[in-house]
Amino acid sequence: MGFRCGIVGLPNVGKSTLFNALTETQAAQAANYPFCTIEPNVGQVSVPDERLDKLAAIAGSAKIIPTQLAFVDIAGLVKGASKGEGLGNQFLGNIREVDAIVHVLRCFEDDDIQHVANKVDPIADAEVVETELMLSDLESLEKRVPAAQKKATTGDKEAKAMASVLGQALDLLREGKPARLTEPKDIEEERIFRQAQLITAKPVLYVCNVAEDDAAEGNALSAQVFEMAKAEGAQAVVVSAAIEAELVQMPEADRGEYLEALGLTESGLARVVRAGYQLLDLQTFFTVGPKEARAWTFHRGATAPQAAGEIHTDFERGFIKAETIAYDDYIACNGETGAKEAGKLRQEGKEYLVKDGDVLHFKFNV
């Protein structure tokens, strides 16, 4: 499992340029006019993790398989999208299918690139998009909540839970607040809330697209975005789409030197991935052997059988135990044999909560 992020934003903020750079493709047509991206483009990206290379080197793995992350480049949204303006209906339909929203905000000045509002104001841009998403959710709930409230009067338990949790979300939206601030009371309400697929319930990562000179420290505009993200409980990162576009054109061996010259220690992709993982509470475990070293993504708090299910449903269904070595122990002991001799290989059962970096070998029977 990776995660699926929808890249959104107003037209001409650098969404498609960023998508092309992140996925190292030219699948999205980057052009200086609105709506150049008509259909959502999906790109699979390998998640960078230096731990995987180190594990593979020790095990002599023939193949290295990183976990995958999907970026979906969604057509630009404009004011009135919730009423079908621009490509509004298509935009809103596509965005419901993603796990998180990567909201690209223009934080650079460039007279050669037109802005739909004729001014660079990332906070105002964010509000335009968020307002349209809230209006869409509001319209949806204003139809569903009254029906649930009416059914709840008959004593229907699910309808009561639905009226409670979606009613709370509706109140928030009427106050101009996103549905992600809703607090379900129990597991049932949490399930109903998740199934409602409200757009503003999705976690948000703001990507401040800055000029090359601001890539290391950001600028006054990106600082405003970071303040907004902090107030909302969202994440924010600074990226220069122009630098990312240049990076993918050069040999991988030269990229580190190029980044260092710009005062950067890592690519924008690495920053976006790390922030996205934190946003969705994701972690990584590894399977390592002579044939392959592979990274797998799981949600923090997953049990050993649930983690096994990321590999195959049979692994979860027939789970017996997980042979477990912590990443640091695997490295320090120079592999599985050394870890076993040092007493660092553990047998964990169904209740074990998998830790980030665990090297796992599952025993199962179906």
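Everything below is about the structure printed above this text.
Below you will find a few notes about this structure. (Residues numbered from 1 in each chain as written. Predicted model: local features only at pLDDT ≥ 70, side-chain atom pairs only at ≥ 80, totals over all residues. Heavy atoms only, no water.)

## Notes on the sheet that holds strand 1 (residues 4-8)
At step 1: Taken together, the 6 strands give an open sheet; going across it, the order is 2-4-1-5-6-7, and neighbouring strands pair in mixed fashion. For this open sheet the edge positions go to strand 2 (41-46) and strand 7 (235-239), each flanked by a neighbour on one side alone. Along the sheet, successive strands turn relative to each other by an average axial angle of 25°, direction set aside.
At step 2: Across 6 bridges, the pairing between strand 2 and strand 4 (residues 68-73) is antiparallel. Of the residues in strand 4, the one forming a bridge with Val-42 is Val-72.
At step 3: Along the sheet, helix 4 (residues 122-152) contacts strand 5 (100-106) and strand 6 (204-209); its crossing angle with strand 5, the most-contacted strand, is approximately 145°.
At step 4: Set on the sheet, helix 7 (residues 220-232) makes contact with strand 5, strand 6 and strand 7; between it and strand 6 the angle comes to about 175°. (Pairing = 2+ DSSP bridges. Helix = DSSP H or I, 4+ residues; strand = E, 2+ residues; numbered from the N terminus. Axes fitted to C-alpha atoms, helices over the stretch in contact; angles between N-to-C directions. Contact = heavy atoms within 4.5 Å.)

## Some points on the pattern of salt bridges
At step 1: As enumerated under the stated definition, the model contains 14 salt bridges in all.
At step 2: The salt bridge partner of Lys-177 is Glu-175, with a shortest N-O separation of 3.4 Å.
At step 3: Look at Glu-175 and you get exposed, because its relative accessible area is 52%.
At step 4: Measuring nitrogen to oxygen at the nearest pair gives 2.7 Å for the salt bridge that ties Arg-300 to Asp-281. Of this pair, Arg-300 sits in the loop between strand 9 (292-299) and helix 11 (304-311) while Asp-281 sits in the loop between helix 10 (268-280) and strand 8 (282-288), placing them 19 residues apart in sequence.
At step 5: By relative accessible area, which is 51% here, Arg-300 ends up exposed.
At step 6: Relative accessible area serves as the criterion here: at 35%, Asp-281 is assigned to the partly exposed category.
At step 7: Connected through salt bridges with shared partners, the residues Asp-49, Arg-51 and Asp-356 form a single ionic network. (Salt bridge = Lys/Arg side-chain N within 4 Å of Asp/Glu carboxyl O. Buried < 20%, exposed > 50% of the residue type's maximum accessible area, 1.4 Å probe, protein only.)

## Some remarks on the nonpolar core
At step 1: Ranked by size, the top nonpolar core spans 54 residues in total, and within it Phe-71, Ile-95, Leu-205, Tyr-206, Val-207 and Val-225 carry the most contacts.
At step 2: Every residue in contact with Val-225, bar those within four places of it in the chain, is listed here: Leu-105, Cys-107, Pro-122, Ile-123, Tyr-206 and Cys-208.
At step 3: One finds Met-134, Leu-138, Ala-161 and Ala-196 within the second-largest nonpolar core, a separate group that totals 15 residues. (Core = buried A, V, L, I, M, F, W, Y, C linked by side-chain atoms within 4.5 Å.)

## Section: the packing of helix 4 against helix 5 (residues 157-174)
Packed helices, taken two at a time, are described by their axes: the angle between them and the distance between them.
At step 1: The N-to-C vectors of helix 4 and helix 5 enclose an angle of 145°; their axes lie 8 Å apart at closest approach. Viewed along their axes, helix 4 and helix 5 form a crossing whose handedness is left-handed. Contacts between helix 4 and helix 5 involve Met-134, Asp-137, Leu-138, Leu-141, Glu-142, Arg-144, Val-145, Ala-148, Gln-149, Lys-151 and Ala-152 from the first element and Ala-159, Lys-160, Met-162, Ala-163, Leu-166, Gly-167, Ala-169, Leu-170, Leu-173 and Arg-174 from the second.
At step 2: Classifying every residue of the contact of helix 4 with helix 5 gives 13 nonpolar, 2 polar and 6 charged. (Left-handed = near helix turned anticlockwise from the far one by under 90°. Nonpolar A, V, L, I, M, F, W, Y, C, P; charged D, E, K, R; others polar.)

By themselves, these observations are geometric and do not establish any function.
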